[in-house]
Every structure is written in structure tokens, then in C-alpha cells.
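# Coordinates in review
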Amino acid sequence: MNRFLWTVLRVSLSAWVGAAILFVITGVREVTMTDFDAATKNMLAATRFPAYYAFGFTLVIVAAISTVGLILIDRIARRRKVVILTLAILSLVVMFLDHRFIYLPLEAMMLEPEGRLQPDFFTYHQWSKYINCVSVGASLIASFVAACPLPTLAFGESSSES
């Protein structure tokens, strides 16, 4: 069970970071393309972002639950697990705040025909970029902490963590 939870934890965090990076790359390419008009770009963003948040919340929650399981099952490397859990919770809180207070108002503006011209649009968009960096960054750091091997144990001992 220990190895399974470590695997789920590592895969969940890595998958979320990879998906978020792919989302940003795709989003930037769509926005900078001249083939789409502003209304189409807004519709594409409004279509993709709910999946972004659903995927992010799901994978980080799975990682957090796996970490709690690891903390309860085995006391080895407890501090590392607490760091991972703290970073996962930070990522979730920031993602929730972003979704509730930044994305939803931004989405409402995007769905209006002249929404991008509103003075608050640029401010919300800037905040969204910064806060998403914090959220995904916390998950990235947690994934590095989860992936780092444990220090070598004394001869004859084995680690059930790997």
C-alpha cells in the first residue's frame, strides 16, 4: 500500500504540472494566432478553463489524500510528507481563490461581446497569471520533494517508501 500511495502521489502531482504547462502553451498559441477573432478566443478560453480547474482540483486532491495515507501508514520521512501535504493544500487554496475571485469574474467579462475592453479585464488577467504560477509552482515543488530519493539507510535496512 505504501508503494502504491507514493506512486499515486508522484503521478498525480507530475500529471497536474504537465497538464498546466500544456494548457498555458496551448492557450498562448491560441491567443497569439491571427486566425481567430476576439469572440472565438474568448469562447475557447471559456471552454477550456473549467476543465483546467476540474483536472487541477482532482489531481491535487488525490495527491493530498495519498499523502495523508502515507503519513498515517508509515512514520518514515514524516517531515517530507508533511511538506508535500502543506504544498498540496497551499496549491488547492490558491487554486480555489483563483477560481472564485479571479477566474469567474474574468469569465463573465470574456463572455460579453466587448468584455476584453473593460478596464478590469487586464487586471484580472494579470492576477490570474500570477496566482496560477503560485498554485502550479507549489505543486511542482511538492512533486520534486516527492520524487527525491530518501537518504541511504544503514547496511541491511530497507525502505518501504520507494
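Residues numbered from 1 in each chain as written. Predicted model: local features only at pLDDT ≥ 70, side-chain atom pairs only at ≥ 80, totals over all residues. Heavy atoms only, no water.

Across its full length, the protein chain carries four helices and zero strands. N-terminal to C-terminal, the α/β element order of the protein chain is α-α-α-α. Radius of gyration (C-alpha) of the protein chain: 19 Å, far over the 15 Å computed for a compact globule of 162 residues. On the principal axes, the C-alpha backbone points of the protein chain span a range of 70 × 30 × 20 Å. For the protein chain, the residues scored as buried account for 40% of the 162 residues in total. For the protein chain, long-range pairs separated by at least 24 residues make up 76% of all intrachain contacts whose partners lie at least 6 apart in sequence. Of the roughly 9,600 Å² of accessible surface on the protein chain, 72% is carried by carbon and sulfur atoms. Averaging the positions of the 13 positive and the 11 negative side-chain charges in the protein chain gives two centres separated by 13 Å. (Helix = DSSP H or I, 4+ residues; strand = E, 2+ residues; numbered from the N terminus. Rg over C-alpha atoms; globule rule 2.2 N^0.38 Å. Buried < 20%, exposed > 50% of the residue type's maximum accessible area, 1.4 Å probe, protein only. Contact = heavy atoms within 4.5 Å. Areas by Shrake-Rupley, 256 points an atom, 1.4 Å probe, with all protein chains shown as cover. Lys, Arg positive; Asp, Glu negative; His and termini not counted. Charge placed at Lys NZ, Arg CZ, Asp CG, Glu CD.)

Residues W16, F49, Y52, Y53, V60 and V136 are the most contacted members of the largest nonpolar core, which totals 22 residues. Sorting the residues of this core by element identifies helix 1 (2-32), helix 2 (38-73), helix 3 (78-110) and helix 4 (119-147) as the ones contributing at least two each. Contact partners of Y52, with chain neighbours within four places excluded, come to W16, A20, F23, N132 and V136. In terms of nonpolar packing, the next biggest core, distinct from the first, is built from 11 residues, W6, L70, A142 and A146 among them. (Core = buried A, V, L, I, M, F, W, Y, C linked by side-chain atoms within 4.5 Å.)

Tracing the sequence through the fold places S66 in helix 2. Residue contacts for S66: discarding those within four places in its chain leaves L5, V8 and L9.

To continue, consider the packing of helix 3 against helix 4. A pair of packed helices can be characterised by two numbers: the angle between their axes and the separation between those axes. Helix 4 packs onto helix 3 with a crossing angle of 160 degrees between their chain directions and a minimal axis gap of 8 Å. Taken together, the axis directions place helix 3 and helix 4 in an arrangement best described as roughly antiparallel. Crossing handedness for the pair helix 3 and helix 4: left-handed. Residue composition of the contact of helix 3 with helix 4, by class: 22 nonpolar, six polar and three charged. (Axes fitted to C-alpha atoms, helices over the stretch in contact; angles between N-to-C directions. Parallel < 35°, antiparallel > 145°, perpendicular 65-115°, else oblique. Left-handed = near helix turned anticlockwise from the far one by under 90°. Nonpolar A, V, L, I, M, F, W, Y, C, P; charged D, E, K, R; others polar.)

Attention shifts here to the packing of aromatic side chains. Taken as a whole and judged by the stated rule, the model has nine aromatic pairs. Ring centres of W16 and Y52 lie 5.0 Å apart, and the angle between their planes is 55 degrees; on these two criteria the pair is classed as tilted. With a gap of 36 residues between them, W16 in helix 1 and Y52 in helix 2 connect regions that are remote in the sequence. Across the pair, exposure class does not vary: W16 and Y52 are buried alike. (Phe/Tyr/Trp six-rings, centres within 6.5 Å; stacked < 30°, edge-to-face > 60°.)

Turning our attention to unusual backbone geometry. Note: most peptide bonds trans; most residues except glycine with negative phi. One non-glycine residue, A77, lies in the positive phi region at around 60 degrees. Secondary-structure assignment places A77 in the loop between helix 2 and helix 3. A77 sits in the partly exposed class, given a relative accessible area of 21%.

Another point: helix 3. In this model helix 3 runs 45 Å from its N-terminal to its C-terminal C-alpha over 33 residues, within 8% of the 48 Å that 1.5 Å per residue would give. At H99, helix 3 shows its strongest bend, of approximately 40 degrees. (Expected span 1.5 Å × (residues − 1). Bend = angle between axes of the 7 residues up to and from the residue.)

Relative to the assigned elements, R48 resides in helix 2. Contacts of R48, omitting those with residues within four sequence positions, involve F23, G27 and E30.

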